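# Examination of the molecular architecture
Each chain is listed here by its residues.
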Amino acid sequence: MYTIFNFLGIDSVLLPSILIPIIFGILLFLPESERRKNLTEAEKRNFYSIVTGFGLIGSGMLVLEAVFTDGEMVTLFTLHPMLPIILRADAFGKLFALLVTIIWICGGFFAFSYMKREKHVKRYFAFYLILYGVLLGLGFSGNLITMYAFYELMTLCSFPLVIHNQSKEAIMAAMKYLLYSFFGAYMVLFGIYFMVKYANTLSFTPGGTLSSLAQENKPLLLVVVFFMLMGFGVKAGMFPLHGWLPTAHPAAPAPASAVLSAIIVKSGIFAMIRTVYYIIGPDFIRNTWVQTVWLTLSLITVFLGSMLAYGEKVLKKRLAYSTVSQVSYVIFGLALLNPIGMAGSLLHITAHALIKCTLFLVAGAIIYKTGCTKVDELRGIGKRMPVTMWCYTIASLGLIGIPPTGGFISKWYLAGGALNSKIKVFSIAGPIVLLVSALLTAGYLLPVSIHGFLPGEDFDGSSLKKCEPDKYMLIPIIILTTLSVLIGLFPNPLIQYFTGFIIRLM
């Protein structure tokens, strides 16, 4: 497929990787031919799955090529002499694009089976593909304007996944998601207006691009930076703008919930990193009230999300509240503004994406095979779905931070970053809150496994039959679980990769 784009004069792999899934998604929206109209519903679903599979694999191969290509950049067009739309594959963008690809392929193949019982399958896969392309555009953005354009497209393209089943709950959740997202977008846009004036360039440059004029107007710029952090914090589910997340994620179909929780919330984190470390510069906000408030809000969100998850009875909603908490682990590490905390954040972005996608897919498999949605209904589920529940248990241990999973390594670095920061209060409060949250995480995840495998002597499971999901649902779960363990057993390649560009950011 890249050969075709090359023939058209496109000599960069970045644009084709973005366009391929978008084109395949648009193809699904085209009017059906007479031949396709005569197909049965099952045959139509298979056709949609095949088209989706080609779009995912085709683009995924190009993303892999981009990951192993150095310094690729392309200017698409110019909105204004100061506002070019640029794609560039730097180290951080490659990480995000690769993570998106892994999650999207696993979630897509899971959906091939899961969506058999859902309506509007064509629409789902069409927006699923288009959203994948948009997220790759976000990852490969070369400047602030390009990132903002793809960031807003991401909101519009993910909205149909939330509202998919068109129930009253889904409609209300989707509208809430849209309103929160637009509110955050306006806060970010407010900041971009100032960046145009006070930054030497809007192109992402390690260490920041603010001009000397910014230092002369630092009090004003600190307010602007805070607005931008709060705006991007909406997608990341940061308190007090987290309310959309536990409503929207459970309302979506399970494979959509998985990618929303694994990737869409990380887009807010991605944008925070680009803004603070590539435009503003960490030195500009270090030891200011912005850093203090940022750290405070992150720890409040960590604790609040864990407490809400602990008391929640609906499994998918419990996992959604868990996302609120776990993503703020990442925010806390970023707000420390030191290399160790930054490494912990990047490790947790990777580990959490794999783990949380696993947990939501497991929840989807349980709902698909048993119809159970509440935690209290899952007694003995380990007897019926042993492989699925072992994957759930291993992923849960990772989210708690038990070795040898990736979650342990990331939390070790986050705690180390806090202790080494020597920031009053937060150097001690940070590890304490993270530890308390880890205990709460064990409290709301492990009982599902305990009662699932050890339902008690009074439980009569003799009439229950095993009901593992089919290979399209089970293999992605196993792959993601395995990856979450591998990055814990062999973290050094990732750590070395992160260290290579973290040093330049500080």
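Relevant structure appears above.
Our subject in this report is the structure included herewith.

Rules behind the numbers
- Residues numbered from 1 in each chain as written.
- Predicted model: local features only at pLDDT ≥ 70, side-chain atom pairs only at ≥ 80, totals over all residues.
- Heavy atoms only, no water.
- Axes fitted to C-alpha atoms, helices over the stretch in contact; angles between N-to-C directions.
- Helix = DSSP H or I, 4+ residues; strand = E, 2+ residues; numbered from the N terminus.
- Parallel < 35°, antiparallel > 145°, perpendicular 65-115°, else oblique.
- Left-handed = near helix turned anticlockwise from the far one by under 90°.
- Contact = heavy atoms within 4.5 Å.
- Nonpolar A, V, L, I, M, F, W, Y, C, P; charged D, E, K, R; others polar.
- Buried < 20%, exposed > 50% of the residue type's maximum accessible area, 1.4 Å probe, protein only.
- Expected span 1.5 Å × (residues − 1).
- Bend = angle between axes of the 7 residues up to and from the residue.
- Patch = residues over 30% accessible without salt bridge, like charges linked within 9 Å, V, L, I, M, F, W, Y side chains within 5 Å.
- Areas by Shrake-Rupley, 256 points an atom, 1.4 Å probe, with all protein chains shown as cover.
- Salt bridge = Lys/Arg side-chain N within 4 Å of Asp/Glu carboxyl O.

## Details of the packing of helix α8 (residues 168–198) against helix α10 (residues 218–236)
Two elements in contact, α8 and α10, have axes whose closest approach is 8 Å; the angle formed by their N-to-C orientations is 150°. The angle between α8 and α10 places the two elements in the roughly antiparallel class. Handedness of the α8/α10 crossing: left-handed. Contacts between α8 and α10 pair Tyr177, Tyr180, Ser181, Gly184, Met187, Val188, Phe190, Gly191, Ile192, Phe194, Met195 and Tyr198 from the former with Leu220, Leu221, Val224, Phe227, Met228, Met230, Gly231, Phe232, Val234 and Lys235 from the latter. Tallied by class, residues from the contact of α8 with α10 come to 17 nonpolar, four polar and one charged.

## Remarks on the side chain of Thr52
Examined against the element boundaries, Thr52 turns out to sit in helix α4 (residues 41–67). For Thr52, a relative accessible area of 0% puts it in the buried group.

## Describing unusual backbone geometry
For the peptide bond that leads from Phe239 to Pro240, omega is 5°, which places it in the cis range. Here Pro240 shows up in the loop between α10 and α11 (245–251). Positive phi, close to 55°, is recorded for His120, a residue that is not glycine. Its location among the elements puts His120 in the loop between α5 (91–114) and α6 (121–139). A positive phi angle, near 60°, is found at Leu337, a position not held by glycine. With respect to the secondary-structure elements, Leu337 resides in the loop between α15 (315–335) and α16 (339–370). Judged by relative accessible area, Leu337 falls into the buried class, the value being 2%.

## What to know about helix α20 (residues 426–453)
Taking 1.5 Å per residue as the helical rise, α20 with its 28 residues ought to reach 40 Å, and the 39 Å between its terminal C-alpha atoms agrees with that figure. Of all the bends in α20, the greatest reaches close to 35° and is centred on Leu446; the proline Pro447 follows between one and four positions later.

## With respect to a nonpolar patch on the surface
Nonpolar side chains collect at one region of the surface, where Phe303, Met307, Leu419, Ile428, Ile432 and Val436 lie side by side and expose about 540 Å² of accessible area between them. Every element with two or more residues in the nonpolar patch is listed here: α14 (289–311) and α20. Sort the elements by how many residues they give to the nonpolar patch and α20 lands first, with three residues. Locating Phe303 in the fold gives a position in helix α14.

## Quick notes on α15
An ideal rise of 1.5 Å per residue puts 30 Å on 21 residues; α15 measures up with 31 Å between its terminal C-alpha atoms. Where burial is concerned, most of α15 is hidden: 20 out of the 21 residues are buried. Where α15 ends, the next residue or the one after it, Leu337, has phi of about 60°, a positive value.

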